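# Results of the structural survey
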Amino acid sequence: MNPHLQDLQPYPFERLAALKAGTTPPDHLRHIALSIGEPKHAAPAMVEQAMIDAIGGLSVYPTTKGLPELRQAIAGWLQRRFKLTEGSLDAERHILPVNGTREALFAFAQACIDSSQPEPLVLSPNPFYQIYEGAAFLAGAKPYFLNCTAENQYRPDYDAIPAEVWQRCQLLFLCTPGNPTGAVMKLEDFARVLELADQYDFVIASDECYSEIYFDEQQPPMGLLEACAKLGRHDYSRCAVFHSLSKRSNLPGLRSGFVAGDAELMTAFLRYRTYHGCAMPVQVQQASIAAWDDEQHVEQNRDLYRRKFDAVLDILGDVMTVSRPDAGFYLWPQVAGGDDEAFARDLFNEQHVTVLPGRYLSREADGIPGAGHVRMALVATLEECVEAAQRIRRFVESRI
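Here's a quick rundown of the structure.

Calculation notes
Residues numbered from 1 in each chain as written. Predicted model: local features only at pLDDT ≥ 70, side-chain atom pairs only at ≥ 80, totals over all residues. Heavy atoms only, no water. Helix = DSSP H or I, 4+ residues; strand = E, 2+ residues; numbered from the N terminus. Buried < 20%, exposed > 50% of the residue type's maximum accessible area, 1.4 Å probe, protein only. Contact = heavy atoms within 4.5 Å. Areas by Shrake-Rupley, 256 points an atom, 1.4 Å probe, with all protein chains shown as cover. Lys, Arg positive; Asp, Glu negative; His and termini not counted. Charge placed at Lys NZ, Arg CZ, Asp CG, Glu CD. Axes fitted to C-alpha atoms, helices over the stretch in contact; angles between N-to-C directions. Parallel < 35°, antiparallel > 145°, perpendicular 65-115°, else oblique. Nonpolar A, V, L, I, M, F, W, Y, C, P; charged D, E, K, R; others polar. 1 Å grid on protein atoms, 1.4 Å probe; cavity = no way out; pocket = protein on both sides within 12 Å on 5 of 7 lines; lining within 4 Å. Points joined across faces, edges and corners; volume = space filled by probe spheres on them. Disulfide = S-S within 2.5 Å.

## Concerning the overall build of the protein chain
A tally of helices and strands in the protein chain yields 14 helices and 12 strands. Projected onto its principal axes, the C-alpha positions of the protein chain cover 60 × 55 × 45 Å. The 400 residues of the protein chain split such that 58% are buried. At a minimum sequence separation of 6, the contacts of the protein chain that also span at least 24 residues come to 76%. Here the protein chain displays about 16900 Å² of accessible surface, and carbon together with sulfur accounts for 49% of that area. The positive charge centre, built from 37 side chains, and the negative charge centre, built from 52, are 2 Å apart in the protein chain.

Have a look at this one:
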């Protein structure tokens, strides 16, 4: 077996299940899960219909590169959403469909890392999405964590990283808006990592799967390709962005997204994916076209999240250290006393509400930046989120 499998740590939800073992939550309270980032809003009806209409394609093998119509739909969406110059994004050269960003982020590291080089590093934010770490280990590299704390507005201080780390870096994972913090990178952040990538010769993989959940319609989060365009970097050199329909369109079960960017990187990644055997089914491609071509359902989705954040923050804002994130659907409150595991376990045991301890999303790196926080995913209905917030408030007040 691959010896690097021994480097993989238990997934956060395995640790959460172990933490909750032996608890006896009250039967009269229904369980409300705020622990997993699985959207519960209704899937768009036109996407469901598009998949039904394409069911006759079951007898045809899909291609790894995907339908030209899908890549065109994605290119059009990217140009509209991130203000890219028309024609600057070639659907033939710059875009590949993927079966959700989780699959693609992991696979991209396998294609990018040259493990024959001495001690390769993959850099990622901390706290982080655990796929970044597993992808690094199984590609023959080691993860190096960049702490994101309230002191740095949850955006890594790239200038604090030693030169010898950058010299070993082969891949830098960005997550903007961040999971779990909701922090959004600014143009100066993108400019700095692009400068460093050119100087030290590494690839930037920007995970932007939460980019369409934000609060101000006039200020959507900036993405890496948009930053490239503003900086005159129209070849997207060294850059790849990852987007998904899971959060944007409430379609986690569709397993549909894309990777876009540097044409040379896409050519190499396509070669890898051809052998990997991960072509997207034609029915999923047709449904995805319908989703990328429509913005009305996305705007309605954002409105639902705004209402939930307003309601929950109104309930919790004066009993917890918590604030509205830049974007995304997570709250990242600090817990009194700093013991996030005890908070999550006791909250479940007493109020039948599940949240995720922040330390489960972090690693030791001059401290554990997630410790003392819990992640709350406001993915349930408005009614359930309000009820959960009221129970959390009672739980917190019972300890004051």
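## Description of the environment of Pro 97
For Pro 97, the location among the structural elements is in strand β2 (residues 95-98). The spatial distance from the C-alpha of Pro 97 to the C-alpha of Val 259 is 6.4 Å, given a sequence separation of 162 residues.

## So, the packing of helix α4 (residues 101-112) against helix α10 (residues 263-276)
Interaxial distance between α4 and α10 falls to 10 Å at its minimum, and their mutual angle equals 105°. The orientation of α4 with respect to α10, classified from their angle, is roughly perpendicular. Taken together, the residues of α10 that come into contact with α4 (itself represented by Glu 103, Ala 104, Ala 107, Phe 108, Gln 110 and Ala 111) are Leu 265, Met 266, Phe 269, Tyr 272, Arg 273 and His 276. A per-class count over the contact of α4 with α10 returns 8 nonpolar, 2 polar and 2 charged.

## Some points on the layout of surface pockets
Counted as a void, the largest pocket has a volume near 500 Å³. For the largest pocket, the lining is made up of 27 residues, of which Gly 37, Arg 102, Tyr 129, Tyr 210 and Lys 247 are closest to its centre. Elements supplying a minimum of two residues to the lining of the largest pocket: α1 (12-20), α4 and α9 (245-248). Its residues assigned to classes, the lining of the largest pocket comprises 14 nonpolar, 7 polar and 6 charged.

## What to know about empty space enclosed by the protein
Overall, the coordinates contain 1 cavity of 30 Å³ or more when judged by the stated rule. Its boundaries defined by the atoms lining it, the largest cavity holds a volume of some 160 Å³. Around the largest cavity sit 21 residues that line it, and Pro 125, Cys 148, Tyr 154, Pro 156 and Cys 175 are the ones nearest its centre. Elements with a minimum of two residues in the lining of the largest cavity: β3 (121-126) and β5 (169-175).

## Examining the state of the cysteines
Considering all chains together, one arrives at 0 disulfides under this definition. Sulfur of Cys 169: no disulfide; nearest cysteine sulfur belongs to Cys 112 and is 11 Å away. Residue Cys 169 is classed as buried on the basis of its relative accessible area of 2%. As a non-bridged cysteine, Cys 278 has Cys 112 as the owner of its nearest cysteine sulfur, 14 Å distant.

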